[in-house]
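Chain and residue survey
Letter by letter, the chains look like this.
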Amino acid sequence: MDQPQWQQCPPRQGAGQVLLWDGEPPSLSALSRMRSELRRATEADRPAGLDDDAIEDGLERLLLVFEELVSNGLRHGRAPIRVAVHATGCGWLLTVADGAGDRAPVPAVGRDAATGGHGLYMAARLASAHGWTRDGRGKTVWALIETTPACDPVPCLPGGRY
């Protein structure tokens, strides 16, 4: 991997972002129900002008990244865990906030894939852009899932700037 997987960088805010879904998962057992809620919310507000295959591909990536980042927040963060998905002109911005600002998201290094712990790598590969930021005593981990190939995501540069 030729660049850091999770740089400290705030999510890029853009005009037209609309809160589509939010929640506070109480436990890992709630993820399945919340994933279904998120699917229904995204199906009710699909990006215009895209074919169904592009939307379904983006939605499947969003749901996988959602499950990985939220489960990481529940396992390694501190309560409360807050999740939000904003619709953008190009797809969705997923943010997962928790109370553990002293713990950066750290991808597993040198671990056998069979033992798990590779969700951050997967989320990074599925997202167009990703990062994390400290906010007060907590942190927010985020991923941008795009469905529109014409959109040009702006990744974080070294030093946490765009």
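The chain goes by Signal transduction histidine kinase in an unreviewed UniProt entry, where it is assigned to Petropleomorpha daqingensis.

**Let's talk about the overall build of the chain**
Across its full length, the chain holds 3 helices and 5 strands. Beginning at the N terminus, the succession of helices and strands in the chain can be written as β-α-α-β-β-α-β-β. Within the span of the chain, comprising 162 residues, buried residues form 46% of the whole. Contacts spanning at least 24 positions in sequence make up 68% of the contacts within the chain whose residues lie at least 6 apart. When the accessible surface of the chain is summed, it comes to about 8,500 Å², and 51% of that surface belongs to carbon and sulfur atoms.

**Focus: the pairing of strand β2 (residues 82-87)**
Looking down a regular strand, the side chains alternate between one sheet face and the other. Across 5 bridges, strand β1 (residues 18-23) lies against β2 in antiparallel orientation. Along β2, the bridge assignment pairs Trp21 with Val85. Summarising the sheet, β2 and strand β3 (residues 91-98) pair through 6 bridges and their orientation is antiparallel. In the sheet register, His86 faces β3, and the bridge partner there is Leu93. Two successive antiparallel strands, β2 and β3, enclose a turn made up of 3 residues.

**Considerations on the sheet that holds strand β4 (residues 129-135)**
The antiparallel open sheet is built from 5 strands, whose spatial order is β1-β2-β3-β5-β4. Each of the sheet's edge strands pairs with one partner strand only, and the pair in question is β1 and β4. Neighbour to neighbour, the strand axes of the sheet diverge by 20 degrees on average, direction disregarded. The pairing of β4 with strand β5 (residues 138-146) spans 7 bridges and is classified as antiparallel.

**Things to note about unusual backbone geometry**
In the segment running from Ala79 into Pro80, the intervening peptide bond is cis, with an omega of -5 degrees. Relative to the helices and strands, Pro80 resides in the loop between α2 (52-76) and β2.

**Remarks on helix α3 (residues 119-126)**
Listed as buried for α3 are Gly119, Leu120, Tyr121, Ala123 and Ala124. The inward-facing, buried residues of α3 contact α2 and β4.

**Let's talk about the nonpolar core**
With 30 residues, the main nonpolar core has Phe66, Leu69 and Leu94 as its most contacted residues. Broken down by secondary-structure element, the contributors of at least two residues to this core are β1, α1 (31-44), α2, β2, β3, α3 and β5. Per-element accounting of this core gives the leading share, 7 residues, to α2. Phe66 has contacts with Trp21, Leu31, Met34, Arg35, Leu38, Val83 and Leu94, leaving out every residue within four places of it along the chain.

**Some points on the environment of Arg82**
Relative to the helices and strands, Arg82 is located in strand β2. Exposure remark for Arg82: the relative accessible area of 38% places this residue in the partly exposed category. Sequence separation of Arg82 and Asp22 is 60 residues, and the distance between their C-alpha atoms is 7.4 Å. Ignoring any residue separated from it by four or fewer positions in sequence, one finds Arg82 in contact with Gly23, Glu24, Thr95, Val96 and Ala97.

**Points about the packing of α1 against α2**
Working note: a packed helix pair is described by the angle between its axes plus the distance between those axes. α2 packs onto α1 with a crossing angle of 150 degrees between their chain directions and a minimal axis gap of 11 Å. When the axes of α1 and α2 are compared, the pair comes out roughly antiparallel. Seen along the crossing, α1 lies across α2 with a hand that is right-handed. On α2, the residues that touch Leu31, Met34, Arg35, Leu38, Arg39, Thr42 and Glu43 of α1 are Glu56, Leu59, Glu60, Leu62, Leu63, Leu64, Phe66, Glu67, Val70 and Ser71. Split by residue class, the contact of α1 with α2 holds 9 nonpolar, 2 polar and 6 charged.

Parameters at a glance
Residues numbered from 1 in each chain as written. Predicted model: local features only at pLDDT ≥ 70, side-chain atom pairs only at ≥ 80, totals over all residues. Heavy atoms only, no water. Helix = DSSP H or I, 4+ residues; strand = E, 2+ residues; numbered from the N terminus. Buried < 20%, exposed > 50% of the residue type's maximum accessible area, 1.4 Å probe, protein only. Contact = heavy atoms within 4.5 Å. Areas by Shrake-Rupley, 256 points an atom, 1.4 Å probe, with all protein chains shown as cover. Pairing = 2+ DSSP bridges. Axes fitted to C-alpha atoms, helices over the stretch in contact; angles between N-to-C directions. Core = buried A, V, L, I, M, F, W, Y, C linked by side-chain atoms within 4.5 Å. Parallel < 35°, antiparallel > 145°, perpendicular 65-115°, else oblique. Left-handed = near helix turned anticlockwise from the far one by under 90°. Nonpolar A, V, L, I, M, F, W, Y, C, P; charged D, E, K, R; others polar.

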